[in-house]
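# Notes for the structure review
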Amino acid sequence: MLRFIVRRLMLLVPILLGLSLLVFLWIRALPAGPAQSLLGERATPETIRQIEEQYGLNEPIHVQYWSYLKTVGRGDLGTTIRTRRPVTDELKERFPATIELTFAALLFATLLGVPLGYVAAKRHGTWVDHSSLVVSLIGISIPIFFLAILLKYVFAVKLGLLPTVGRISVLIDLEHPTNFYLIDALIAGDPEAFWDVSKHLILPAIALGSIPLAITARITRAAVLDVQNEDYIRTARAKGLPPRTVDIRHIFRNALLPIVTIIGLQTGLLLSGAVLTETVFAFPGMGTWLVEAIRQRDYAILQGGILFVSVVFVLVNLLVDISYALINPRIRVS
Amino acid sequence: MGGVSKRILLLLAMALLVLGAAGCGGDDDEEGGEAAQTGGTLVFAGAADPVSLDGALVSDGESIRVITQIFETLINLKPGTTELAPGLATEWEVSPDALTYTFALREGVKFHDGTDFNAEAVCFNFDRWYNFSGPAQSPSASYYYSAFFGGFAKNESEDLGDPLYKSCEARNPTTAVVTLTRPSASLLGALVQQAFSIASPKALEEFKADAGTLDEETGFRPTGTFGTEHPIGTGPFEFVSWNREDRLVLKRYEDYWGEKAKLDELIIRPIADNAARLQALQNDEIQGYDLVEPQDIPTIEGDDNLKILDRPAFNVAYVGINQAKKPMDNLKVRQAVAYGLDRQAVVDSFYGGRGVVAKQMMPPEVEGYADTVTEYPYDPEKAKQLLQEAGVQMPLQIEFWYPSDVSRPYMPNPKNNFEAMAASLNKSGFKVVPKTAPWDPDYLGRVDEGNAGDLHLIGWTGDFADADNFIGTFFQDFNPQFGFRDPELFKMLDDAEIEADRQARIDMYKQANQHIMDTLPAIPYAHTKPALAFRSDIEGFVPSPTTNELFNTVSIGGGSE
């Protein structure tokens, strides 16, 4: 097991090197650069030249790449071009926001999706099954931004129950030692702030969780159906085990494998940032950060951000593999 | 059925309840917010976070909005106009040779840190700008300084010019004298910009406004905290805190020399998405926002709890012509383009009643706008006739560029504008070849380099109310965007820029505008009024053409109905 983990971690090095080169070349292949973007309508050939000189963008590309690698090697991801702040500082603010949102969305998707799929399978062919199919299809096919605007219209504008933007109400003062606002509220021992932050998470989590919810429900249903018809289930029932024990220990546990896989994969995806959800809810996470950076050709953010997201993605997948072994003793990673 | 499935069913039922609630919605409008109050907190949304609150080192509108509340300039604009008014200077005198400016300063003004505002503080700031070095000289930082003053004490780039600034002398505590190296008449107009706001010298030094590391590999990284944690000026609001991407909090400055702020607190928050800004306003999470999309205006006007405020037009949308591409160098061809553009139809159809047809390359509010110029009403026959006289083969094929994925105050939907213009040109002896690129940086890059075909759609929003900031910016020198050299026009604009006599200067710019509309280096077609949205109980906000808007007059009125 340990060897497996170490080997997977070592694989990170070539993956990251390859990725950094790819990102590096790709963003420089885009037409126009950060200088043009910074100045907008006010750019002139002279001012553009001046900025390029300042950021070393006029150097040959291999020189730029080498100096970039040297910086990253020091654990420094560079300085953003627009805000002139260290990329790592912005990352420290953005990533916790995305993690909070991701977990809220996964919580919503799993807590609803797994039972929905399970019940659908147990009531295979009945109206329960059919309506779960309809719910999942709606979940998958409704565009997120539309769902988000609809949710906000109903729960905020019309009912006035929930906020529409941001992570916390502007009238609440809270220190941010961790930038995980829920944890910050706990540290501060402020239940009002905790409730406020939770309220800000509800709508984005539903919007973002709608697709994972549908996928999780479908996969759960398929997995449970599969397992239900296995011989060992028949055996278990035949030897007189209570139905509840069969359901939990035999069917559900065996069906968990594909469910965990799909949830794990989605975690990786969601952690890289949910562009649409974050934009519509003005939620300052990774997604909006990276998209803005593409638009503004902020090379430092793109390079650092994508590198970071790749590391997270690889690590999450590693965790999924490890959890296989824990759930299913038949699987031995080696 | 086991206990588990019962619990699961319960969960399902809860889920259905939630979904059901979403489905049927609610039409019971919430009773409008808080009771009547004076003071209070106003939350206003911009589209992005500020970059920094050091006016001398930024050029983006979101930073400038906040800087306007905290800092003041020597000269103000009368609220809602482009007319100069006393600011930190109560009076000023320009020497006849336009080289020496003497400012009488307001007495008894204190910075937020308790230090005195005086002539030494003024000169400290002027000298600070002039002595910028390293990255502070970059146009991404001190764009407005170098755009106006040309260069620095020690220029670090060949692309910078000779400095216009010579010295500043604190003759006595209430008199500051600024001397220039060559005459310039637009200094007063330029000084209203927040790039020239006066900061506390003590705070600039204590919080190391100009310090930073310049690392070859990571770029410039400011290390001081003046612009992020300690911006200290003399304005009606003082800085409290700034949590990035969340909120920037300002509070009333109790010792303000002028009209003290009615609000206790002003909170600015960034919301990038247009629909999100509107919904946050409807939900009363914010009480006002800037950059209202034209398509949202009917919704806001139809809601009794909300209202729209107009900013006077301070921009120009135009069709740029690149004379480096033949046969655009032929005046008759350019005239044919002008007659072939149905500008009225474009403004009527796509500006939601918020635009007027532009006749000159600057808005009528700016001094120097000519009383009469040559006009080019839509006339396809005349266009064809001109093309014939020009001796080109009809239909004349022209490449016409427009930007995608962008909405500008002067051009809400470029594609609509383009399609209407292309249709009218195609009826006028042209054959339009459409070309497009994403706005920023692709499209803008092409336009600047002169690679955006024969014609291109673009526009300009003024930085300050001076003709030099419009036609001077476009046409004072050779500009690859337009690809022409007209020594007569260049000289007219050079002379006007330095003319000290106001009336003479106005006449010179009027003449230049007439010349421009005769020679048609570009064809203006629209001026627009950008909109802001507020809750209807917010009073006292005066929109300014140049966005110099102060929140000290704003109050939260007598409760919403």
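None of the values given here were measured: they were computed from a predicted structure.

### Topic: the pairing of strand β7 (residues 165–172) of chain B
Residue and element names in this part refer to chain B. Of the strand pairs in this sheet, β7 and strand β8 (residues 175–180) are connected by six bridges, and their pairing is antiparallel. Residue pairing for β8: asparagine 172 is matched across the bridge by threonine 175. In textbook terms, the turn of a hairpin is the stretch between consecutive antiparallel strands, and for β7 and β8 this stretch comprises two residues.

### Some points on the sheet that holds strand β5 (residues 89–94) of chain B
Residue and element names in this part refer to chain B. Read from one edge of the open sheet, four strands run β5-β6-β8-β7, paired in antiparallel fashion. The open sheet is flanked by β5 and β7, the only strands paired with a single partner. The average undirected angle you get between the axes of adjacent strands in this sheet is 20 degrees. Sheet strands touched by helix α3 (residues 119–130): β6 (100–105), β7 and β8. Its angle to β7, the strand with the most contacts, is close to 165 degrees.

### Description of the confidence of the model for chain B
Overall, the prediction assigns chain B a mean pLDDT of 87, with 91% of residues at 70 or greater. Taken over the whole predicted complex, pTM reads 0.81, whereas the ipTM for its chain interfaces reads 0.82.

### Remarks on the sheet that holds strand β12 (residues 237–243) of chain B
Residues and elements named next belong to chain B. The seven strands lie next to each other as β12-β13-β14-β1-β15-β23-β16, forming an open sheet whose pairing is mixed. Among the strands making up the open sheet, the edge pair consists of β12 and β16 (306–310). By the bridge criterion, two bridges tie strand β15 (residues 288–289) to strand β23 (residues 531–535) in an arrangement that is antiparallel. Across the sheet, residue tyrosine 289 finds its bridge partner in β23, namely alanine 533. Along the sheet, helix α2 (residues 61–70) makes contact with β1 (41–46), β12, β13 (247–252) and β14 (265–270), crossing β12 at roughly 140 degrees.

### Structural notes on the environment of B:Phe482
Residues and elements named next belong to chain B. Among the secondary structure elements, phenylalanine 482 is positioned in the loop between α14 (467–475) and α15 (487–498). Distance in space between the C-alpha atoms of phenylalanine 482 and asparagine 155 is 28 Å, their sequence separation being 327 residues. In this view, phenylalanine 482 contacts Gly320, Ile321, Asn322, Gln323, Pro521 and Ala522; residues no more than four positions away in its chain are not counted.

About the cut-offs
- Residues numbered from 1 in each chain as written.
- Chains lettered and ligands numbered in written order.
- Predicted model: local features only at pLDDT ≥ 70, side-chain atom pairs only at ≥ 80, totals over all residues.
- Pairing = 2+ DSSP bridges.
- Helix = DSSP H or I, 4+ residues; strand = E, 2+ residues; numbered from the N terminus.
- Axes fitted to C-alpha atoms, helices over the stretch in contact; angles between N-to-C directions.
- Contact = placed C-beta atoms within 7 Å.
- pLDDT = per-residue confidence, 0-100.

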